[in-house]
Amino acid sequence: MDLLALADFNLVARHGGFGKASRAAGRPKATLSRRVADLEAGLDLRLFERSARALKLTEEGRALFERTAQLLTELDETAAAIASGGQSPRGRLRISAPLLFSQTAMGRLAARFALKYPEVRLEITTEDRSVDMVEEAYDLVIRVNPEPDESLVGRVFLHDRLVVVASSDMAPPASGSTVPAVVRGPARQGEAWNVTTPAGKSKFAVNPILSLSSLVMVRDAVRMGVGAGRLPVSLVSHDLADGTLVHWGDVEGPEIALWALYPTRRLLSARVSAFLDLLKEAFPQGTPDELAAYVGR
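Residues numbered from 1 in each chain as written. Predicted model: local features only at pLDDT ≥ 70, side-chain atom pairs only at ≥ 80, totals over all residues. Heavy atoms only, no water.

## Let's talk about the overall build of the protein chain
Here is step 1 of the chain: Along its length, the protein chain carries 9 helices and 13 strands.
Here is step 2 of the chain: By the compact-globule yardstick of 19 Å for 297 residues, the protein chain is too spread out, its C-alpha radius of gyration being 24 Å.
Here is step 3 of the chain: Sorting the 297 residues of the protein chain into buried and exposed places 43% on the buried side.
Here is step 4 of the chain: Approximately 15800 Å² of the protein chain is accessible, and the part contributed by carbon and sulfur atoms is 53%.
Here is step 5 of the chain: When the 36 positive and 36 negative side-chain charges of the protein chain are each reduced to one mean point, those points stand 4 Å apart. (Helix = DSSP H or I, 4+ residues; strand = E, 2+ residues; numbered from the N terminus. Rg over C-alpha atoms; globule rule 2.2 N^0.38 Å. Buried < 20%, exposed > 50% of the residue type's maximum accessible area, 1.4 Å probe, protein only. Areas by Shrake-Rupley, 256 points an atom, 1.4 Å probe, with all protein chains shown as cover. Lys, Arg positive; Asp, Glu negative; His and termini not counted. Charge placed at Lys NZ, Arg CZ, Asp CG, Glu CD.)

Here you go:
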């Protein structure tokens, strides 16, 4: 198989078209088209469905892309490492991270990484959706309690837990009562929160006063006394310590775990390894207190 033709196929598949790939690589569109056509002829397979408006991978093309994209990346990294005489991280590192972690920690983490590894071009996208690492060309994704995925491996680097908090002006409710609340996402009438307190378990209904899209916004509204909120303890730890907010109880349910995930492969790139080391350095024990201390700096 012609590796140059395979590399051009991956370039076109990654960018979703010959024109976009040509502009990104600074190479003639006709050359890319000819190389891909030669690869299809050699394999006796159609790799792209072509139309006047769109270019789409066939089932065979998608399978080839998924199985070769990371291998070609590893070849490039190995060649670069040999040429530079070592495994110093260099090149582009694309990371997808959830909104709250990005707002509270990723700015400083990214700056530390950039200062330590100036030859790496770090790109971080903030989103809570589940991204396709291969299709969207991410090297690393950070996710909260992700669903199992056989194509990915990773590690937990932080733990957190949800607590119900309110302004110190609001009295804790009796079990079974209804309280005003600030919620994240669409408000759901009839929602109830189950919490554990030193006195035992309690359950109360919530009346959504505000519906907000960000947990930072929820925390700020709760500080104003609009209603109670269900928030990660790391985000409100300092408010609880200084008495701005009071703790009504721990939310029942699974613990929050932040995972760093990357595609399954034998060779982990020097860039990804370096960022994983940075996460371990920033959060050596992976506790909510460590994240709260990092957020509070």
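## A closer look at the environment of Ala260
Here is step 1 of the chain: By the secondary structure assignment, Ala260 is in strand E13 (residues 256–263).
Here is step 2 of the chain: Sequence-wise, Ala260 and Phe48 are 212 residues apart; in three dimensions their C-alpha atoms are separated by 32 Å.
Here is step 3 of the chain: Discounting residues that sit within four places of it in the chain, Ala260 has contacts with Leu140, Val141, Val153, Gly154, Arg155, Phe157, Leu276 and Leu279. (Contact = heavy atoms within 4.5 Å.)

## A closer look at the packing of helix H6 (residues 215–223) against helix H7 (residues 233–242)
Here is step 1 of the chain: Their axes nearest at 11 Å, the elements H6 and H7 cross at an angle of 20 degrees. The angle between H6 and H7 places the two elements in the roughly parallel class. Seen from above, H6 lies across H7 with right-handed handedness. Seen from H6, the contacting residues are Leu215, Val216, Arg219 and Arg223; seen from H7, they are Leu235, Val236 and Asp239.
Here is step 2 of the chain: Class assignment for the residues of the contact of H6 with H7 results in 4 nonpolar, no polar and 3 charged. (Axes fitted to C-alpha atoms, helices over the stretch in contact; angles between N-to-C directions. Parallel < 35°, antiparallel > 145°, perpendicular 65-115°, else oblique. Left-handed = near helix turned anticlockwise from the far one by under 90°. Nonpolar A, V, L, I, M, F, W, Y, C, P; charged D, E, K, R; others polar.)

## As for unusual backbone geometry
Here is step 1 of the chain: The phi dihedral of Asp44 is positive, around 60 degrees, even though this residue is not glycine.
Here is step 2 of the chain: With respect to the helices and strands, the residue Asp44 is situated in the loop between helix H3 (29–43) and strand E1 (48–50).
Here is step 3 of the chain: Accessibility expressed as a relative area gives 68% for Asp44, which makes it exposed.
Here is step 4 of the chain: Phi angles above zero are rare outside glycine, and Asn145 is one such case at about 45 degrees.
Here is step 5 of the chain: As for its position among the elements, Asn145 is in the loop between strand E5 (140–144) and strand E6 (152–160).

## Regarding the pattern of salt bridges
Here is step 1 of the chain: This model, assessed by the stated rule, comprises 18 salt bridges.
Here is step 2 of the chain: Its salt-bridge partner being Arg50, residue Glu40 comes within 3.0 Å of it at the nearest N-O pair. With a gap of 10 residues between them, Glu40 in helix H3 and Arg50 in strand E1 connect regions that are remote in the sequence.
Here is step 3 of the chain: Given the relative accessible area of 38%, Arg50 is considered partly exposed.
Here is step 4 of the chain: Here Arg112 and Glu281 are joined by a salt bridge, their closest N and O atoms 2.6 Å apart. On the criterion of sequence distance, the pair formed by Arg112 in helix H5 (residues 99–116) and Glu281 in helix H8 (residues 270–282) is long-range, its members being 169 residues apart. (Salt bridge = Lys/Arg side-chain N within 4 Å of Asp/Glu carboxyl O.)

## Comments concerning a nonpolar patch on the surface
Here is step 1 of the chain: A surface patch of nonpolar side chains, about 360 Å² in accessible area, is lined by Ile209, Leu210, Met224 and Val226.
Here is step 2 of the chain: By the secondary structure assignment, Met224 is in the loop between H6 and strand E11 (228–232).
Here is step 3 of the chain: Met224 sits in the exposed class, given a relative accessible area of 69%. (Patch = residues over 30% accessible without salt bridge, like charges linked within 9 Å, V, L, I, M, F, W, Y side chains within 5 Å.)

## Re the side chain of Ser96
Here is step 1 of the chain: Tracing the backbone through its elements, the reader meets Ser96 in strand E3 (residues 91–97).
Here is step 2 of the chain: Overall, Ser96 belongs to the buried group, its relative accessible area being 0%.
Here is step 3 of the chain: Here Arg143 takes part through its side chain, which lies 2.7 Å from a polar atom of the side chain of Ser96.
Here is step 4 of the chain: Leaving out residues up to four positions away in the same chain, Ser96 has contacts with Thr125, Glu127, Val131, Tyr138, Leu140, Val141, Ile142 and Arg143. (Polar contact = N/O pair within 3.5 Å; in protein donor to acceptor, adjacent residues only side chain to side chain.)

## Describing the nonpolar core
Here is step 1 of the chain: One finds Phe101, Leu109, Phe157, Phe275 and Phe283 to be the most contacted residues of the largest nonpolar core, which totals 28 residues.
Here is step 2 of the chain: For this core, the secondary structure elements donating two or more residues are E3, H5, E5, E6, E13, H8 and helix H9 (288–296).
Here is step 3 of the chain: Ranked by the residues each element gives to this core, the list is headed by H8, at 7 residues.
Here is step 4 of the chain: If we skip the residues at most four places from it in the chain, Phe157 touches Phe101, Ile142, Leu258, Trp259, Ala260, Leu279, Phe283 and Gly286. (Core = buried A, V, L, I, M, F, W, Y, C linked by side-chain atoms within 4.5 Å.)

These results come straight from atomic positions and should not be treated as a statement about function.
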